[in-house]
Amino acid sequence: AQVVQACVVTLDPIESAIEETFELRYVPDLNQEARREVEVEPGDDDIEPFDGTSVDLGATAAEYLALAIDPYPRKLGAEFAEESRAEANTGPFAELAKLRNNI
């Protein structure tokens, strides 16, 4: 998939290509009356139930794409600039204090 995201530092658009493979095993819904025994191995996290009539592969692909997208994309060379402590402590009350001293 081709995705465009905003850089978390500069907000510039970043294009990226995502190639992700996944494997799922669909088993009949175990809540139905006609239950079958399904052998589940430890670590089989990718088992999806279905009602036996259809499977929505588009929704499954969208879920795995959403998991593969970088949650905090950063443009190459973009860095956060830290403010100095003196600048960080200024605020609306510091500006009011300056006005009080001028009276």
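The numbers attached to residues start from 1 for each chain and follow its sequence in the written order. With pLDDT at 70 or above as the cut-off, local features in this predicted model cover only qualifying residues; side-chain atom pairs require 80 or more to be listed or tallied, and sums for whole chains, interfaces and linings still use all residues. Excluded from the side-chain calculation are hydrogens and water; included are all heavy atoms of the structure.

Each helix is a run of H or I in the DSSP string that is no shorter than four residues. Each strand is a run of E no shorter than two, and both are numbered from the N terminus. Mapped onto the elements, C7 comes out in the loop between strand 1 (2–6) and strand 2 (13–17). With relative accessibility at 0%, the residue C7 sits in the buried group. Distance from C7 to P73, taken between C-alpha atoms, is 5.3 Å for residues 66 residues apart in sequence. Burial here depends on accessible area, computed with a 1.4 Å probe over protein chains only, as a share of the maximum for the residue type. Under 20% is buried, over 50% is exposed, and the range in between is partly exposed.

Given 3.6 residues to a turn, an α-helix orients residues that are three or four positions apart in the same direction. Working rule for helices: expected span equals 1.5 Å times residues minus one. Look at helix 1 (residues 57–68): 17 Å from first C-alpha to last across 12 residues, which is about the 16 Å you get at 1.5 Å a residue. A distance of 3.3 Å separates the backbone nitrogen of G58 from a side-chain oxygen at the start of helix 1, and that oxygen is part of D56. In the analysis that follows, any N or O atom pair within 3.5 Å is treated as a polar contact, provided that within protein one partner can donate a hydrogen and the other can accept it, and provided that, for residues neighboring in sequence, both atoms belong to side chains.

Attention now goes to the confidence of the model for the protein chain. Residue-level confidence of the predictor is what pLDDT reports, using numbers from 0 through 100. Of all residues in the protein chain, 75% attain a pLDDT of 70 or more, and the chain-wide mean is 78. When pLDDT is averaged over each helix and strand of the protein chain, the minimum, 54, is found for helix 2 (residues 85–88) and the maximum, 95, for strand 1.

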